[in-house]
Every structure is written in C-alpha cells, then in structure tokens.
Amino acid sequence: MENRKKVAFYTLGCKLNFSETSTIARNFQDEGFDRVDFEEVADMYVINTCSVTENADKQFKQIVKKAMKLNDKAFVAAVGCYAQLKPEELAAVDGVDLVLGATEKFKITDYITDLSKNDMGEIHSCEIEEADFYVGSYSIGDRTRAFLKVQDGCDYKCTYCTIPLARGISRSDALENVLKNASDISKQGIKEIVLTGVNIGDYGKGEFGNKKHEHTFLDLVKALDEVEGIERLRISSIEPNLLKNETIDFVSKSRTFVPHFHIPLQSGSNEILGKMKRRYQREIYTDRVENIRQVMPHACIGVDVIVGFPGETEEHFLETYNFLNEMDISYLHVFTYSERDNTEAATMEDVVPMNVRNKRSKMLRGLSVKKRRAFYENQLGSNRTVLFESENKEGYIHGFTENYVKVKTPWNPELINTLHEINLTKIDEDGSVRMEFLVVAV
C-alpha cells in the first residue's frame with residue numbers, strides 16, 4: 001500500500017459544513033487517499049469555507065499559509081460558501097490551486113488529475129441557479145454525536161443574508177435516505193444525532209427544489225423517532241414560523257428527541273424584523289417559547305440575535321434587550337451585523353456605527369451569561385441524563401444533559417460516549433455544573 005496520497009481537511013463555519021466535509025472526506029478515502037489531521041504533512045489540503053463568519057477571507061489566507069508551511073508543494077483546494085460567492089478572491093490567494101463552488105464541491109475528486117501546483121487557482125463554480133440537486137451527508141465529530149444533514153439551500157430572502165446566493169434554493173433529502181443515514185450512524189455506536197441544514201423547518205421540498213412538500217418536518221421527526229439504536233436526537237436551529245406547535249408537542253412526548261430548541265429571533269423589534277424581511281413578528285416568537293415552556297418546563301431554549309442592523313435605533317435595540325430579558329430563554333448567540341456584498345441590507349441607509357454595534361453586542365452577551373446562569377440554577381437538584389464527550393480538559397470530562405446543561409466530573413476515560421443518570425448539584429466557578437451519579441458508574 002505504498003504511495004497512498006494523504007489529504008487533510010479544515011472546516012470553517014456551521015454544523016452543516018462539518019457534515020459536508022465528512023462526506024467529501026469519505027469520497028477521497030473511496031478514491032484511495034488516506035485522511036490525516038490538518039496539522040500533519042499532506043499531499044493535499046481541502047478548506048471548506050464559510051460566508052457568514054466575519055473576516056472569512058482573512059481566516060482563509062491564514063489557513064492556506066498554515067498548509068503551505070507544512071508542505072509548500074501540497075495541492076490546496078477551496079470549497080463551500082465563500083468559494084461560491086467570491087471564487088476569484090480565493091483563487092488569487094497565494095498557494096491556492098483549485099476553487100469549487102456549490103455544486104462542484106461533492107465532485108472534487110473528478111477535478112484532480114494530478115496534484116501538481118497551478119500558477120493560478122483554477123475555478124469551477126456554477127451559476128447558483130444550477131445548485132438544485134441534493135447531496136446527503138453526515139459527520140461523525142468527537143465520536144459521541146453526529147451531524148446529519150437533512151436539507152440544503154433557502155428560499156427566504158432575508159436582507160442581510162448571502163446563504164441563498166451561496167447554497168441555492170431550498171431542497172431536501174428523501175425521507176428513506178435520511179432514515180438510512182440515521183441507521184448507519186447508530187450502527188457506529190454514536191449516541192446522539194443533531195439534525196442540520198440551512199432551513200431545516202422547510203424540510204420536504206423535493207431533491208430538485210420542486211415546491212411540492214412530499215413530507216413535512218413533523219413527518220421527518222416522527223419517522224426518526226422510530227429508528228432503532230438512536231439514543232438521542234437534537235433539532236438544531238429552526239425558524240420560529242416553521243416550528244409548529246404539533247412538533248413541540250411531539251418532542252415533549254418523544255422517545256429520543258431531547259428538550260432543546262435553538263430558535264433564531266434576530267430582533268425583538270417588529271419594525272426591524274420587517275426591514276430584515278423575516279417571515280414572522282415577535283408575537284409568534286413569544287407564542288412558540290410559551291408553548292415549549294408549557295409542555296417542557298425544563299427545556300433549553302437558545303436564541304440567535306443580530307445587533308446593529310441598518311436603522312436599528314437605541315429604542316429598537318432596547319426593545320430587543322427588554323424582550324429577551326423578560327422571556328424565559330436559556331442562552332443567546334449574538335451576531336454583530338456586518339455588511340455582505342450583494343445583499344439588500346448592504347445598501348440601506350442609517351448605518352449603525354461600529355462602536356455602537358460592539359457596545360450593543362457586549363450588552364447582549366452579558367445578558368446571555370445571566371440567562372444561562374439562571375437556567376442552570378433552575379436545574380440544580382434535578383435528575384438528568386448526561387452523555388460524556390471524549391476530551392480531557394484539565395483533568396475533567398465534560399458532557400451535556402438532554403436539556404443542554406454542561407456538566408463536569410473528574411476525568412475517567414471509561415465514561416467517554418456513555419449515558420448516565422445523574423443529579424445536578426452545584427455550579428462550578430467555570431460555569432459548568434457539578435453532578436453526582438445516581439447509579440454508581442460501572
């Protein structure tokens with residue numbers, strides 16, 4: 001088996017990107033490559049890019065530099081969202097040989113004839129209208145959970161977002177294929193599956209984005225709940241207008257779905273939500289949170305929020321702050337608005353100065369700390385189930401309860417990827433929760 005080529009991967013951005021990198025990596029392995037860690041010397045480095053994170057181009061350049069330092073003769077390919085939106089920009093980076101857009105990334109091995117360096121990055125990127133077929137994927141991260149992609153693309157036209165430009169129309173995997181992937185994952189001893197996609201509540205639009213919903217998101221959830229061998233299923237981010245009350249009710253009684261929801265809000269001001277072209281008003285958001293609390297009082301509810309959107313006055317911001325402060329939620333993911341080329345918001349007036357955006361972001365991050373603390377305090381004394389992760393952090397092993405409380409206990413490698421009944425006892429100074437085993441760990 002001499003002379004097998006080595007390939008390494010680096011993923012920027014979301015869970016969906018991680019699941020797709022894993023699929024691309026498996027394709028390479030099928031073609032006779034050995035996958036190695038990105039810190040190692042490889043014959044080829046593949047970087048899966050993101051258009052959402054700030055400084056995406058700067059990050060990308062640093063990663064290319066790192067690869068070139070490891071092996072200056074290595075072949076470097078850029079794929080993913082940023083590669084679709086700004087292919088010329090990435091191709092011009094020193095050391096880059098190949099740039100593949102949204103439809104080409106899954107066929108990357110077809111584009112590699114040999115691994116000799118190019119003088120200039122070669123670009124293969126489609127018109128985004130052509131990104132209309134679906135490629136299923138899943139990733140197995142730290143051995144304890146997997147990200148399972150069920151949907152791709154988005155038909156929404158939020159004024160700040162480039163994802164429809166980077167990933168195309170909304171389209172879904174066939175239900176039987178999702179179930180097959182879920183079953184394959186469970187056979188590998190993985191205890192938790194996180195459902196992922198760009199707009200997963202829109203699940204059911206056909207593989208080619210045809211508008212007929214063959215199945216709904218609720219059908220998907222019900223079918224997955226029946227899959228043998230899966231201990232836990234987690235819904236990642238889902239739009240409030242697409243999180244139906246029937247789904248909330250089903251999750252509350254489900255065998256495997258855990259009481260954890262992540263629901264993007266973006267703004268607590270209806271006026272700003274209108275400018276963002278979000279498909280709901282804050283009243284719907286309140287309704288969803290209240291319904292979750294009614295049937296799952298102990299559920300964890302995470303919120304995405306954007307600060308500093310054009311036209312966001314101090315009053316609008318305080319409306320958001322007070323709305324979130326009064327609501328029974330568990331934590332926030334705070335994004336500072338940043339302009340994106342070819343989006344409607346980038347041309348809007350009343351731009352909020354950067355220092356004001358940063359100040360607002362800091363205030364909401366402070367609120368998030370307070371909310372998480374209150375949520376954890378509320379959980380003390382309760383009995384939960386924890387799934388332990390695989391990392392040894394300063395002599396402790398960490399894990400998450402079904403309702404996403406982060407717990408810690410002294411390191412014991414035998415606990416990795418095991419589920420245990422525990423009682424939550426106290427909050428540690430690092431913010432995680434101490435626990436006691438209800439049944440002595442074997």
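Residues numbered from 1 in each chain as written. Predicted model: local features only at pLDDT ≥ 70, side-chain atom pairs only at ≥ 80, totals over all residues. Heavy atoms only, no water.

For the rest of this paragraph, the subject is the packing of aromatic side chains. Tallied over the full model, the rule gives twelve aromatic pairs. Pairwise contacts between aromatic rings join F9, F28 and F33 into one cluster. The ring of Y138 has R26 lying over it, and the distance from NZ or CZ to the ring centre is 4.2 Å. It is K408 that lies over the ring of Y396; its NZ or CZ is 4.1 Å from the centre. (Phe/Tyr/Trp six-rings, centres within 6.5 Å; stacked < 30°, edge-to-face > 60°. Lys NZ or Arg CZ within 6 Å of the ring centre and 35° of its normal.)

At a closest axis distance of 10 Å, the pairing of helix α8 (residues 245–253) and helix α10 (residues 282–295) adopts a crossing angle of 25 degrees. When the interaxial angle is binned, α8 and α10 end up roughly parallel. Here the hand of the crossing between α8 and α10 comes out right-handed. From α8, N245, I248, D249 and S252 reach across to α10, where they touch D287, R288, N291, I292 and V295. (Axes fitted to C-alpha atoms, helices over the stretch in contact; angles between N-to-C directions. Helix = DSSP H or I, 4+ residues; strand = E, 2+ residues; numbered from the N terminus. Parallel < 35°, antiparallel > 145°, perpendicular 65-115°, else oblique. Left-handed = near helix turned anticlockwise from the far one by under 90°. Contact = heavy atoms within 4.5 Å.)

With that settled, the discussion passes to empty space enclosed by the protein. Unoccupied space between atoms shows up once a probe the size of one water molecule is rolled over them. Taken as a whole and assessed by the stated rule, the structure comprises one cavity of 30 Å³ or more. If you add up the space inside the largest cavity, you get close to 40 Å³. In this structure, the largest cavity is lined by A102, T103, F106, A131, F133, V135, D152 and R171. Of the residues assigned to the lining of the largest cavity, the class counts are five nonpolar, one polar and two charged. (1 Å grid on protein atoms, 1.4 Å probe; cavity = no way out; pocket = protein on both sides within 12 Å on 5 of 7 lines; lining within 4 Å. Points joined across faces, edges and corners; volume = space filled by probe spheres on them. Nonpolar A, V, L, I, M, F, W, Y, C, P; charged D, E, K, R; others polar.)

Counting through the fold element by element, A345 comes out in the loop between β15 (331–336) and α12 (354–379). Contacts of A345, omitting those with residues within four sequence positions, involve T159, Y160, F309, P310 and Y337.

Moving on, we come to the pattern of salt bridges. Any two side chains of opposite charge can pair, so long as their charged atoms come close to each other. All chains considered together, the criterion is met by 31 salt bridges. Residue K205 is joined to D202 by a salt bridge in which the shortest nitrogen-to-oxygen separation is 3.1 Å. Between R360 and E312 there is a salt bridge, with the nearest N and O atoms lying 2.9 Å from each other. Placement of the pair is R360 in helix α12 and E312 in the loop between β14 (300–307) and α11 (314–326), with a sequence separation of 48 residues. Grouping residues by exposure puts R360 and E312 together as buried. (Salt bridge = Lys/Arg side-chain N within 4 Å of Asp/Glu carboxyl O. Buried < 20%, exposed > 50% of the residue type's maximum accessible area, 1.4 Å probe, protein only.)

The buried fraction of helix α7 (residues 217–224) amounts to six of the eight residues, a majority that puts the element mostly inside the structure. Among the residues of α7, F217, L218, L220, V221, A223 and L224 are the ones counted as buried. Buried residues belonging to α7 abut α6 (175–187), β11 (192–196), β12 (232–235) and α8.

Considering the arrangement of structural elements, one finds R293 in helix α10. Accessibility expressed as a relative area gives 13% for R293, which makes it buried. Side-chain polar atoms of R293 contact the backbone oxygen of A299, separated by 2.8 Å. (Polar contact = N/O pair within 3.5 Å; in protein donor to acceptor, adjacent residues only side chain to side chain.)

Further remarks concern the sheet that holds strand β2 (residues 34–36). Across the sheet, six strands lie side by side as β2-β1-β3-β4-β5-β6; this open sheet has parallel pairing. Looking along the sheet, the strands with just one partner apiece sit at the ends: β2 and β6 (122–124). Across the sheet, the axes of successive neighbouring strands diverge by a mean angle of 20 degrees, strand direction being ignored. Taken together, the five bridges between strand β1 (residues 6–11) and strand β3 (residues 44–49) define a ladder with parallel strand orientation. Bridging across to β3, Y10 finds its partner in I47. In this fold helix α1 (residues 15–30) packs onto β1, β2, β3 and β4 (75–80), with an angle of close to 175 degrees to the strand it touches most, β1. Sitting on the sheet, helix α2 (residues 56–70) touches β1, β3 and β4, and the angle it makes with β3 is about 170 degrees. (Pairing = 2+ DSSP bridges.)

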